[in-house]
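The lines below spell out each chain.
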Amino acid sequence: MNSTDLSSQSAAVEAMIRRLRMDDDMIRGPALQGAGRLGAPAVAPLVGEMCNSPPGTAQAARRALWNVVRVAGRPGAGSQGGAVVSEIRGVFGQAPATIQRELIWMISELGDQRVVPWLSDLLDHPELREDARCALMRIPGARALAALRVALSSAEGPFANALADALRARGESVVDPPSRNRTPDRPTSVGQ
């Protein structure tokens, strides 16, 4: 890409952000719907808006970023998905945990075996581990399955049960810990 293409793409991203900040849905709506065509260069500015804007603009930025993810992940998109994943990972640490959770789910739509080590590291993060577990469930292949197995070997308590259930959902036979899916978490009036 030459400097003219980069400057025009940068200008398009800035124009989209300006329209997202407007309260008029007739302006904001088309901006977020058209965000997908802007691709990876739109990721960092949209995450910035999600983190630092009033609720209406932050919500519009979130929806626009999902549009970017879905366009990049469509069949025939080539390397666009990988570029968006790289951009998300680049800004991930700058976002609060609530937005990091959303970004993990976005990566779960685009990610492949290359994101498994990164998601595996998040299994140790108390606030993000459940989202990382769910993302690993969605990523096909042996590496994601192995990451879940390794995490189960050192997990304790309810998270160990969740990891075991994730492995069961992926077709693995896991005996211990037992499934809690049919164990009520509060008293019921159901008899024997």
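Trainee: Residue-level account of helix α2 (residues 25-33), with values.
Mentor: Residues of α2 that are buried include every one of Arg-28, Gly-29, Ala-31 and Leu-32, and no others. Along the long axis of α2, the arc covered by the buried residues comes to 165°, so they all point the same way. Away from its buried face by more than 90 degrees, α2 exposes Met-26, Pro-30 and Gln-33. Put simply, Asp-24 is the residue that caps the front of α2, since its side-chain oxygen is 2.9 Å from the backbone nitrogen of Met-26.

Trainee: Provide a residue-level description of the side chain of Asp-131, including the pertinent values.
Mentor: Within the secondary structure, Asp-131 is located in helix α8 (residues 129-138). Note on Asp-131: relative accessible area 13%, which makes it buried. Side-chain polar atoms of Asp-131 contact the side chain of Trp-105, separated by 2.9 Å. Ignoring sequence-local partners within four residues, the contact set of Asp-131 consists of Arg-101, Ile-104 and Trp-105.

Trainee: Lay out the packing of helix α6 (residues 97-110) against α8 in plain terms, naming residues and giving numbers.
Mentor: Across the interface, α6 lies against α8 with an axial gap of 9 Å and an inter-helix angle of 5°. It follows that α6 is roughly parallel to α8 by the angle criterion. Contacts between α6 and α8 involve Arg-101, Ile-104, Trp-105, Ser-108 and Glu-109 on the former and, on the latter, Asp-131, Ala-132, Cys-134, Ala-135 and Arg-138.

Trainee: Describe in detail helix α5 (residues 80-91), supporting the description with residues and values.
Mentor: Compared with the 16 Å implied by 1.5 Å per residue over 12 residues, the 17 Å span of α5 between its first and last C-alpha is a close match. Here α5 has its buried residues at Gly-81, Val-84, Val-85, Ile-88 and Val-91. Looking straight down α5, one finds its buried side chains confined to an arc of 135°; they lie on one side. Where α5 is buried, its residues touch α3 (43-52), α4 (55-72) and α6.

Trainee: So, the nonpolar core: which residues are in play, and what are the values?
Mentor: Grouped together as the largest cluster of nonpolar side chains are 60 residues, with contacts concentrated most on Met-16, Leu-20, Leu-46, Leu-65, Val-84, Leu-103 and Leu-119. At eight residues, α4 tops the list of elements feeding residues into this core. Counting contributing residues, this core receives three or more from each of domain 1 (1-111) and domain 2 (113-181).

Trainee: Tell me about the domain arrangement of the chain, and please be specific about residues and values.
Mentor: The extent of an interface is frequently quoted as the accessible surface area lost upon association of the parts. Domain boundaries assigned for the chain yield domain 1 (1-111) and domain 2 (113-181). When each unit is reduced to the centre of its C-alpha atoms, the spacing between domain 1 and domain 2 is 28 Å. The interface is formed by 12 residues belonging to domain 1 together with 13 residues belonging to domain 2. Where domain 1 abuts domain 2, roughly 1300 Å² becomes buried across the two surfaces, and 70% of that area is made up of carbon and sulfur atoms. The tally of links from domain 1 across to domain 2 stands at one salt bridge. Its salt-bridge partner being Arg-101, residue Asp-131 comes within 3.4 Å of it at the nearest N-O pair. Linking domain 1 to domain 2 there are four residue pairs in polar contact (both at pLDDT 80 or more).

Trainee: Quick rundown of a nonpolar patch on the surface? Include the residues and the values.
Mentor: A grouping of Met-22, Met-26 and Ile-27 is seen on the molecular surface, where their side chains present a nonpolar patch of about 310 Å² in accessible area. Along the chain, the position of Met-22 falls in the loop between α1 (3-20) and α2.

Trainee: Please provide a residue-by-residue account of the pattern of salt bridges, values included.
Mentor: Taken as a whole, this structure holds nine salt bridges when the rule is applied. Between Glu-49 and Arg-21 there is a salt bridge, and its shortest N-O distance comes to 2.5 Å. Separated by 28 residues along the polypeptide, Glu-49 in helix α3 and Arg-21 in the loop between α1 and α2 bring together distant segments of the chain. Residue classification places Glu-49 among the buried positions, given a relative accessible area of 7%. Here Arg-21 falls in the partly exposed class, since its relative accessible area comes to 47%. A salt bridge links Asp-112 to Arg-114; the shortest N-O distance between them is 2.6 Å. On the basis of relative accessible area, Asp-112 is assigned to the partly exposed category, the value being 30%.

Analysis parameters
- Residues numbered from 1 in each chain as written.
- Predicted model: local features only at pLDDT ≥ 70, side-chain atom pairs only at ≥ 80, totals over all residues.
- Heavy atoms only, no water.
- Buried < 20%, exposed > 50% of the residue type's maximum accessible area, 1.4 Å probe, protein only.
- Helix = DSSP H or I, 4+ residues; strand = E, 2+ residues; numbered from the N terminus.
- Arc of directions from axis to C-beta.
- Polar contact = N/O pair within 3.5 Å; in protein donor to acceptor, adjacent residues only side chain to side chain.
- Contact = heavy atoms within 4.5 Å.
- Axes fitted to C-alpha atoms, helices over the stretch in contact; angles between N-to-C directions.
- Parallel < 35°, antiparallel > 145°, perpendicular 65-115°, else oblique.
- Expected span 1.5 Å × (residues − 1).
- Core = buried A, V, L, I, M, F, W, Y, C linked by side-chain atoms within 4.5 Å.
- Domains from an automatic or database assignment.
- Buried area = accessible area lost by both parts, 1.4 Å probe.
- Salt bridge = Lys/Arg side-chain N within 4 Å of Asp/Glu carboxyl O.
- Patch = residues over 30% accessible without salt bridge, like charges linked within 9 Å, V, L, I, M, F, W, Y side chains within 5 Å.
- Areas by Shrake-Rupley, 256 points an atom, 1.4 Å probe, with all protein chains shown as cover.

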